[in-house]
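Chain by chain, the residues:
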Amino acid sequence: IVRVLQVGVAVLAVISASVLSGRIASERIQTPEFSSRDIVLCLDVSGSMYEYDAEILDTFAQLVDTFEGERVALTIFNSTSRTVFPLTNDYDLIRRELEAGAEAIDFDEFGYRLGNRDYSEDKVRQYVEFVEGTRGIPDEASIVPDGLASCAQEFDRAEEDRSRSIIFATDNEVNGDPIFTLEEATQRVADREIDLYTFYPGAFECGPRCFEELEAATEDQDGELFESSDPEAIPSIINQIQKTQAEVLGATPTVVRTDHPTAGFVLTFLGLVGILVLGWRTR
């Protein structure tokens, strides 16, 4: 019995040593310069945008664990704007607010997604509390230029050398009289040296004019516009934005490899101890 145990322990030790020599490791892409960036999520919360806003908030909530020093802010707008939280690197707060916002805004107020509507009292209250402050002008909605201009005001620490970006999501269907034109709003963003990344999901009523106007205003200030009618495409769009930011910052992403030798080492050590003990017992 002891000899059989010896053979079994020896086999275990050999396998463990093989695993240890194979250097099991994990890899991740690290871009250190990303730690000095500020990101403002600037979301149009008019009825036609809820599904895309929910996906953006949910995606960023999942990305929080990868942040190392980045500051994030969330501003939402309709006829008026509201800052949900200012620029901060309190990641517990960021994650909590983004997750709560994603759940609250996923509400089919006007029935765009027929057959899948939740009008329970709790859901309605959650939605109303989240969009509170964004409907300050009666009979007006989706005042896009003013919303973007207000988002540009979120950045502080002007004296510091930080990357500043706005992720701007809107269908550009303006229903009201804005103070700024879209060109004036994007010019304010450019004047503050803020990178603009615009997400356009398509318009229900406006047609090609809304897209062409948004595209021209964004690209005239060296911003980038991403177009997709599929909310599921948002994670890949956010990934493209992160890559673009790395290029703008001049950062070179590096692959960081982390070895995980603990399990292999422990099993090999225990195997050797077992062989010695059983060898002594056999003798």
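Novice: Give a detailed account of the overall build of the protein chain, specifying residues and quantitative values.
Specialist: Along its length, the protein chain carries nine helices and eight strands. Looking at the protein chain alone, contacts between residues at least 24 apart form 79% of all its contacts between residues at least 6 apart. When the accessible surface of the protein chain is split by element, carbon and sulfur atoms take 52% of a total near 15,200 Å².

Novice: Help me get a handle on the sheet that holds strand 4 (residues 81-88), residues and values and all.
Specialist: With mixed pairing, the six strands of this open sheet are ordered in space as 4-3-2-5-6-7. Each of the sheet's edge strands pairs with one partner strand only, and the pair in question is strand 4 and strand 7 (224-227). If you compare each strand with its neighbour and ignore which way they point, the axes differ by 15° on average. For strand 2 (residues 37-44) and strand 5 (residues 163-169), the ladder comprises seven bridges, and the chain directions are parallel. Opposite Leu 43, over in strand 5, you have Ala 169 as the bridge partner.

Novice: Provide a residue-level description of the environment of Arg 95, including the pertinent values.
Specialist: As for its position among the elements, Arg 95 is in helix 3 (residues 91-105). Expressed as a C-alpha distance, the spacing of Arg 95 and Leu 57, which sit 38 residues apart in the sequence, is 9.3 Å. Every residue in contact with Arg 95, bar those within four places of it in the chain, is listed here: Ala 61, Val 64 and Asp 65. A polar contact is formed between the side chain of Arg 95 and the side chain of Asp 65, at a distance of 2.4 Å.

Novice: Can you explain helix 1 (residues 2-21)? Please cite residues and give values.
Specialist: A rise of 1.5 Å per residue sets the reference length of helix 1, with its 20 residues, at 28 Å; its end C-alpha atoms lie 28 Å apart and thus fit the reference within 8%. Turning to helix 1, its buried residues are Val 9, Ala 13 and Ser 16. The arc enclosing the buried residues of helix 1, seen along the axis, measures out at 70°, which places them on a common side. In helix 1, the exposed residues that point more than 90 degrees away from the buried face are Arg 3, Val 4, Val 7, Val 14 and Ser 21.

Novice: Before we move on, could you go through a negative patch on the surface and cite the residues and values that matter?
Specialist: A contiguous patch of negative charge, built from Glu 183, Glu 184, Glu 219, Asp 220, Asp 222 and Glu 224, is present on the exposed surface. Secondary structure elements with two or more residues in the negative patch: helix 6 (182-191) and helix 7 (208-220).

Novice: Residue-level account of the pattern of salt bridges, with values.
Specialist: Oppositely charged side chains may form a pair once their charged atoms are brought near each other. Enumeration over the complete set of coordinates arrives at nine salt bridges. For the salt bridge of Asp 65 with Arg 95, the shortest nitrogen-to-oxygen distance reads 2.4 Å. In this pair, Asp 65 is assigned in the loop between helix 2 (50-63) and strand 3 (71-77) and Arg 95 in helix 3, connecting sequence segments 30 residues apart. Note on Asp 65: relative accessible area 60%, which makes it exposed. Classification of Arg 95 as partly exposed rests on a relative accessible area of 22%. One salt bridge in this structure joins Arg 257 and Asp 259, with 3.7 Å as the shortest N-O distance. On the accessibility criterion, Arg 257 (45% relative accessible area) is partly exposed. Several salt bridges share partner residues, and in doing so they unite Asp 38, Arg 71, Asp 156 and Arg 162 into one network.

Novice: So, the side chain of Glu 173: which residues are in play, and what are the values?
Specialist: Assignment of secondary structure puts Glu 173 in the loop between strand 5 and helix 6. Nearest to the buried, unbridged Glu 173 among oppositely charged side chains is Arg 209, at 7.3 Å.

Novice: With reference to specific residues and values, describe the state of the cysteines.
Specialist: Disulfide: a covalent bond formed between the sulfur atoms of two cysteine residues. Scanning the entire structure with this criterion turns up one disulfide. Residue pairing for Cys 42: its cysteine sulfur links by disulfide to Cys 151, the two sulfurs lying 2.0 Å apart. Given an S-S torsion of about 85°, the disulfide between Cys 42 and Cys 151 has right-handed geometry. In this pair, Cys 42 sits in strand 2 while Cys 151 sits in helix 5 (residues 144-152), placing the two residues 109 residues apart along the sequence. For the pair shown, Cys 42 and Cys 151 are each scored as buried.

Novice: Can you explain the side chain of Asp 53? Please cite residues and give values.
Specialist: Note that Asp 53 resides in helix 2. Salt bridges are absent for the buried Asp 53, whose nearest opposite-charge side chain, Arg 135, sits at 10 Å. If we ignore the near neighbours within four places in the chain, the residues touching Asp 53 are Leu 43, Asp 44, Val 45, Ile 105 and Ala 169.

Novice: How would you sum up the packing of aromatic side chains? Please name residues and give values.
Specialist: Aromatic rings considered in pairs are described by the distance between their centres and by the relative angle of their planes. Per the counting criterion, the structure on display carries four aromatic pairs. Between Tyr 52 and Phe 199 the ring centres are 5.9 Å apart and the planes differ by 55°, which places this aromatic pair in the tilted class. Within this pair, whereas Tyr 52 is found in helix 2, its partner Phe 199 is found in strand 6 (residues 195-200), the two being separated by 147 residues in sequence. What makes Tyr 52 buried here is its relative accessible area of 11%. Take Phe 199: its relative accessible area is 3%, and that puts it in the buried class. Measuring from centroid to centroid gives 6.1 Å for Phe 77 and Phe 168, while their planes differ by 25°, and the two rings are stacked. With Phe 77 in strand 3 and Phe 168 in strand 5, this pair connects stretches of sequence that are 91 residues apart. Note on Phe 168: relative accessible area 1%, which makes it buried. Above the plane of the ring of Phe 130 lies Arg 82, whose end atom (NZ or CZ) is 5.8 Å from the centre.

Conventions adopted
- Residues numbered from 1 in each chain as written.
- Predicted model: local features only at pLDDT ≥ 70, side-chain atom pairs only at ≥ 80, totals over all residues.
- Heavy atoms only, no water.
- Helix = DSSP H or I, 4+ residues; strand = E, 2+ residues; numbered from the N terminus.
- Contact = heavy atoms within 4.5 Å.
- Areas by Shrake-Rupley, 256 points an atom, 1.4 Å probe, with all protein chains shown as cover.
- Pairing = 2+ DSSP bridges.
- Axes fitted to C-alpha atoms, helices over the stretch in contact; angles between N-to-C directions.
- Polar contact = N/O pair within 3.5 Å; in protein donor to acceptor, adjacent residues only side chain to side chain.
- Expected span 1.5 Å × (residues − 1).
- Buried < 20%, exposed > 50% of the residue type's maximum accessible area, 1.4 Å probe, protein only.
- Arc of directions from axis to C-beta.
- Patch = residues over 30% accessible without salt bridge, like charges linked within 9 Å, V, L, I, M, F, W, Y side chains within 5 Å.
- Salt bridge = Lys/Arg side-chain N within 4 Å of Asp/Glu carboxyl O.
- Lys, Arg positive; Asp, Glu negative; His and termini not counted.
- Charge placed at Lys NZ, Arg CZ, Asp CG, Glu CD.
- Disulfide = S-S within 2.5 Å.
- Phe/Tyr/Trp six-rings, centres within 6.5 Å; stacked < 30°, edge-to-face > 60°.
- Lys NZ or Arg CZ within 6 Å of the ring centre and 35° of its normal.

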